[in-house]
Amino acid sequence: MKQLVNKLKGDRVIWSFVALLALFSFMPVFSASSNLAYIGHGTGNTLGYLVKHLAHICIGFLIIYWVHRVPYHYFRAISKIALPVVWILLLYTLLKGTVIAGANASRWIQVPFIGITFQTSTLASIVLFIYVARYLSKTKEENEPFQTSLIQLWVPVFITLVLILPANFSTTALIFAMVLMLTFIGKYPLKYIAFIIGSGVAMLAFFLLVAKAFPDSRFFSRVSTWESRITNFTTDKPDEDDYQIEKAKIAIASGKLGGLGPGKSVQKNFLPQSSSDFIYAIIVEEYGLVGGVSIVILYLLLLFRFVIASHKAPTVFGKLVVVGVGFPMIFQAMINMAVAVELLPVTGQTLPLISSGGSSIWMTCLGLGIIISVTRKEEEIAEDKLDREKRKEALQRLIDKEMAEEDLPADEIYEEEAMYSIEDNSRNPMNAVLNK
C-alpha cells in the first residue's frame, strides 16, 4: 500500500478529499438503493448495487491515475480535436436518445455491446472548459478584436450549448455560467461578457418561442417539464416533483441532529432517485445535521484546495484549467444539496463522487485527474528547484574546501603532505655501517 501511495503524484490533499468522499459514498448508496432493489427484483437486496457502485468507484480511480500521469499541456491540443467529436456525440444523443425504465432519457445514450448508459453532456462540459481555458491563455497577451473572439471562442461555446439545451436545461445553464466565470477570471473584457449574456438570454427566449410554436416536437418535449418544475417551485401545486421534494424534506426533518443511524432511513423506500439525485436527503436522515454539514464542509475544503492549486499552477493555462474543471464540480454539489432542501427547483444534478451512477462518477474522476495533472507539474517544478538548491549547496561546499586549502600556511601544507608520504622511515639496521 505504501508503494502504491508513493506512486501517486500531485496534490496529496486533493487525493485525500476525493478518497474520503468516495469512501463515505458506500453506506448511503448501499442504504438508499433499496427502492431500486424492490422495483428491480422485489427482494430489497441492495448488495448488487453496492458491488456495482464499488466497480464504478474503482474504475473512476483508475481514470484519475491514468489521466494524472499525462502532462496537462497535452490537453490544449486534445480539447481542440475533441470538441468536434463531442458535437457529433451530442447530436447523436439528441437524435437517438434512449429510454430508461419507460421514461424519456434523451440526455443519455447506450454504449453498444456493453449496455452502459452514458451522459454525453458531462464529457462535453469538460472538453469545453479546457477549450475555453486554452483560448484565454493563448490570447492573454494579445488584444484580439471582438469579432475574432466571437468566431474562435463563442461560436463553439454556443454550438455546444445548443446541442445540450433541448435535453438538459440545468446542465446548459450551469455550463454557460461557468464559462462566463472562466472568461471573467481570464480577464476577458466586461463589455463583451455583458453582450454575450444578452445574446444568451435572447437565444433562450427564441428557443422557448419555437418550442411554444411546435409543442408536439420531440426536440421540445422537455420544455413542459421545465415549466412545471419552475411553476411548482413558486406555487404549492402538487405533482411528481413536488412529491419528491416533500419526501426529501421529511427525510431531512427526521434526521434532526444525530440522524437515525446508518441504514435506518425510512424515506429511502418512498423517495424516487434516492440513491442519485436525492441522496443528500438520505444522508441527512441517517447521519443527521452533523453528517449533512460535514459533507458541505468537505466540498468547501476541496474548493479551497482547488483555489490553492490554481494559484500555484506554473502557467496561465494551468490556472484556468483548475478553475474551469474544478469549480463546476463544487457548484454541482451545492445545486444538488440546494434542491434537496427546496432552495432550487428540481434539476437532476447528482452529488459528485457520492451519488450512484457510472458516467457521472467517471467524468468527475476525469476532471479530477486533469486537475491533479496540473498539481503534479507543480510538484515536479518544486522537486527540480530543491535538487538545484542541493547541487548548489554541494558545489559551494567544494569551493569553500578548496579555498580553505589554498589559504593554509606553507609549513602546515608541508606537514599535511608529510603525513601522506610513502617514504619508509623505519629504522635501518645498516645505519651503523653507513654512518662509519
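Residues numbered from 1 in each chain as written. Predicted model: local features only at pLDDT ≥ 70, side-chain atom pairs only at ≥ 80, totals over all residues. Heavy atoms only, no water.

Although it is not a glycine, Lys256 adopts a positive phi angle of roughly 55°. Position of Lys256 among the secondary structure elements: in the loop between helix H11 (240-255) and helix H12 (279-312). Look at Lys256 and you get exposed, because its relative accessible area is 66%. Despite not being glycine, Glu342 shows a phi value in the positive range, around 65°. As for its position among the elements, Glu342 is in the loop between helix H13 (316-340) and helix H14 (358-406). (Helix = DSSP H or I, 4+ residues; strand = E, 2+ residues; numbered from the N terminus. Buried < 20%, exposed > 50% of the residue type's maximum accessible area, 1.4 Å probe, protein only.)

Looking now at the confidence of the model for the chain. In this model, the chain carries a mean pLDDT of 82, and residues with pLDDT of at least 70 account for 82%. Of the regions scoring below 50 in pLDDT, residues 99-104 engages in 6 contacts with residues more than four places distant in sequence or in other chains. Note on residues 416-422: pLDDT under 50 across the span, and 1 contact to partners over four residues away in sequence or across chains. (pLDDT = per-residue confidence, 0-100. Contact = heavy atoms within 4.5 Å.)

What follows covers the pattern of salt bridges. Applying the stated rule across the entire model yields 3 salt bridges. A salt bridge links Arg305 to Asp11, with the nearest nitrogen and oxygen atoms 2.8 Å apart. With Arg305 in helix H12 and Asp11 in the loop between helix H1 (2-7) and helix H2 (12-32), the pair connects residues that are 294 residues apart, well separated along the chain. Between Glu342 and Lys249 there is a salt bridge whose closest N-O contact spans 2.8 Å. (Salt bridge = Lys/Arg side-chain N within 4 Å of Asp/Glu carboxyl O.)

So, on to the packing of helix H5 (residues 74-96) against helix H6 (residues 120-138). Pairs of packed helices are described in terms of their axes, by the angle between the two and the distance that separates them. Packing of H5 against H6 leaves a shortest axis separation of 8 Å and a crossing angle of 145°. Considering how the two elements wind past one another, H5 and H6 form a crossing that is left-handed. Seen from H5, the contacting residues are Phe75, Arg76, Ser79, Lys80, Ala82, Leu83, Val86, Leu89, Leu90 and Thr93; seen from H6, they are Thr120, Ser121, Leu123, Ala124, Val127, Leu128, Ile130, Tyr131, Arg134, Ser137 and Lys138. Looking at the contact of H5 with H6, its residues break down into 12 nonpolar, 5 polar and 4 charged. (Axes fitted to C-alpha atoms, helices over the stretch in contact; angles between N-to-C directions. Left-handed = near helix turned anticlockwise from the far one by under 90°. Nonpolar A, V, L, I, M, F, W, Y, C, P; charged D, E, K, R; others polar.)

A contiguous nonpolar patch, built from Leu257, Leu289, Val290, Val293, Ile297 and Leu301 and spanning about 530 Å² of accessible area, is present on the exposed surface. Inspection of the secondary structure assignment puts Leu289 in helix H12. We classify Leu289 as partly exposed; its relative accessible area is 49%. (Patch = residues over 30% accessible without salt bridge, like charges linked within 9 Å, V, L, I, M, F, W, Y side chains within 5 Å. Areas by Shrake-Rupley, 256 points an atom, 1.4 Å probe, with all protein chains shown as cover.)

The next subject is the packing of H6 against helix H7 (residues 146-164). Two elements in contact, H6 and H7, have axes whose closest approach is 11 Å; the angle formed by their N-to-C orientations is 170°. Between H6 and H7, the crossing angle belongs to the class labelled roughly antiparallel. Residues Ser121, Ala124, Leu128, Tyr131, Val132, Tyr135 and Lys138 of H6 touch H7, and the partners they reach there are Thr148, Ser149, Gln152, Leu153, Pro156, Val157, Thr160 and Ile164. By residue class, the composition of the contact of H6 with H7 is 9 nonpolar, 5 polar and 1 charged. (Parallel < 35°, antiparallel > 145°, perpendicular 65-115°, else oblique.)

With 19 residues, H7 extends 25 Å from end C-alpha to end C-alpha; this agrees with the ideal 27 Å at 1.5 Å per step. Bending of H7 peaks at approximately 40° at the position of Trp154, with proline Pro156 no more than four residues after it. Among the residues of H7, Phe146, Ser149, Leu153, Trp154, Pro156, Val157, Phe158, Thr160, Leu161, Leu163 and Ile164 are the ones counted as buried. Each element contacted by the buried residues of H7 is listed here: H5, H6, helix H8 (169-185) and helix H9 (190-213). (Expected span 1.5 Å × (residues − 1). Bend = angle between axes of the 7 residues up to and from the residue.)

Let's shift gears to the packing of aromatic side chains. Following the criterion strictly, the structure yields 8 aromatic pairs and no others. On the numbers, 5.9 Å between centres and 70° between planes, the contact of Trp154 with Tyr188 is edge-to-face. On the criterion of sequence distance, the pair formed by Trp154 in helix H7 and Tyr188 in the loop between H8 and H9 is long-range, its members being 34 residues apart. Tyr188 matches Trp154 in its accessibility class, with the two residues each being buried. Directly above the aromatic system of Phe317 lies the positively charged group of Arg76, at a separation of 4.9 Å from the ring centroid. Above the face of the Phe270 ring, Lys247 is positioned so that its terminal group lies 5.4 Å from the ring centre. (Phe/Tyr/Trp six-rings, centres within 6.5 Å; stacked < 30°, edge-to-face > 60°. Lys NZ or Arg CZ within 6 Å of the ring centre and 35° of its normal.)

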